[in-house]
Amino acid sequence: MGEIPFFKELFMKHVFILNPVSGRESAKTLIPVIEDYFKNSEEEYEILKTEYAGHAKELASQFHKEDNVCIYATGGDGTLWEVVNGLNPEVTFSIIPSGTGNDFFRMIEANIYDMAKLVKDTIEGEEIKIDYGVCNGMRFINCLCMGIDGTSATPPIHIINLLVLIDKQTKPLFEISDNIIVNIEFRGKLQFRFKHLL
């Protein structure tokens with residue numbers, strides 16, 4: 001569990017990590033919106049397009065606190081997850097949702113409205129701190145999926161039983177396809193331990 005800066009300070013460089021195939025390629029339509037916002041601005045910006053799975057994480061990891069940047073995850077939930085996992089300590093990030101689900105954006109009860117206004121409001125927004133979780137060394141900021149939800153996108157599915165240990169009681173929870181052990185901690189204290197039974 002930790003905190004990462006969300007939004008930005010004034011006069012930062014703005015780095016948009018954009019997944020051009022996100023949201024059935026709707027993310028690409030944000031390029032002229034972003035360019036239009038900065039056409040009369042002295043602030044520096046850059047649009048970096050992802051080219052393959054894992055690329056957003058690689059791009060985000062290139063920036064450090066000393067670079068004074070705000071990284072904008074511009075895409076869907078997958079792009080956001082990669083950016084969050086590529087962030088170096090104290091690098092500020094934000095989200096411009098342009099995916100199909102935009103789950104994080106909905107979970108914070110934000111509305112997607114006119115995209116030009118959303119881009120402007122996001123760039124000019126105030127910086128806040130948000131919590132993130134860590135599971136098996138990977139960060140997540142809104143949800144953690146396991147089992148059928150977590151494996152259905154990766155066929156073939158070879159189902160085995162998954163057990164959850166909660167308060168020293170063992171009971172079947174759901175089924176999952178891979179051998180897995182997951183420890184879930186909250187504020188440094190073990191909350192759940194998931195194991196499979198062969």
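Remember, predicted model here, so these are calculated numbers, not experimental data.

**Examining the confidence of the model for the protein chain**
Okay, step 1: Looking at the protein chain as a whole, the pLDDT averages 75, with 63% of positions reaching at least 70.
Okay, step 2: Mean pLDDT across the secondary structure elements of the protein chain bottoms out at strand 8 (residues 160-166), with 37, and peaks at helix 3 (residues 55-61), with 97.
Okay, step 3: Contacts from residues 150-178, a stretch scored under 50 in pLDDT, to residues over four places away or in other chains number 54 contacts.

**What to know about the environment of Gly99**
Okay, step 1: With respect to the secondary-structure elements, Gly99 resides in the loop between strand 5 (92-97) and helix 5 (103-107).
Okay, step 2: Here Gly99 falls in the buried class, since its relative accessible area comes to 15%.
Okay, step 3: On a C-alpha basis, the gap between Gly99 and Glu25 in space is 8.4 Å, while along the polypeptide they are 74 residues apart.
Okay, step 4: Ignoring sequence-local partners within four residues, the contact set of Gly99 consists of Ser22, Gly23, Gly75 and Gly76.

**Notes on the packing of aromatic side chains**
Okay, step 1: Scanning the model with the defined rule gives four aromatic pairs in all.
Okay, step 2: Aromatic pair Phe16 and Phe38: ring centres 6.0 Å apart, planes at 70°, arrangement edge-to-face. Of this pair, Phe16 sits in strand 2 (residues 13-18) while Phe38 sits in helix 2 (residues 30-38), placing them 22 residues apart in sequence.
Okay, step 3: Residue Phe16 is classed as buried on the basis of its relative accessible area of 0%.
Okay, step 4: Take Phe38: its relative accessible area is 4%, and that puts it in the buried class.
Okay, step 5: Ring plane angle 15° and centroid distance 4.5 Å describe the contact between Phe38 and Tyr45, whose orientation is recorded as stacked.
Okay, step 6: The exposure class of Tyr45 is partly exposed, given its relative accessible area of 29%.
Okay, step 7: Here the aromatic cluster, defined as three or more aromatic residues joined through ring pairs, consists of Phe16, Tyr37, Phe38, Tyr45 and Tyr72.
Okay, step 8: The side chain of Arg139 reaches across the aromatic face of Tyr132, ending 5.3 Å from its centre.

Conventions used here
Residues numbered from 1 in each chain as written. Predicted model: local features only at pLDDT ≥ 70, side-chain atom pairs only at ≥ 80, totals over all residues. Heavy atoms only, no water. pLDDT = per-residue confidence, 0-100. Helix = DSSP H or I, 4+ residues; strand = E, 2+ residues; numbered from the N terminus. Contact = heavy atoms within 4.5 Å. Buried < 20%, exposed > 50% of the residue type's maximum accessible area, 1.4 Å probe, protein only. Phe/Tyr/Trp six-rings, centres within 6.5 Å; stacked < 30°, edge-to-face > 60°. Lys NZ or Arg CZ within 6 Å of the ring centre and 35° of its normal.

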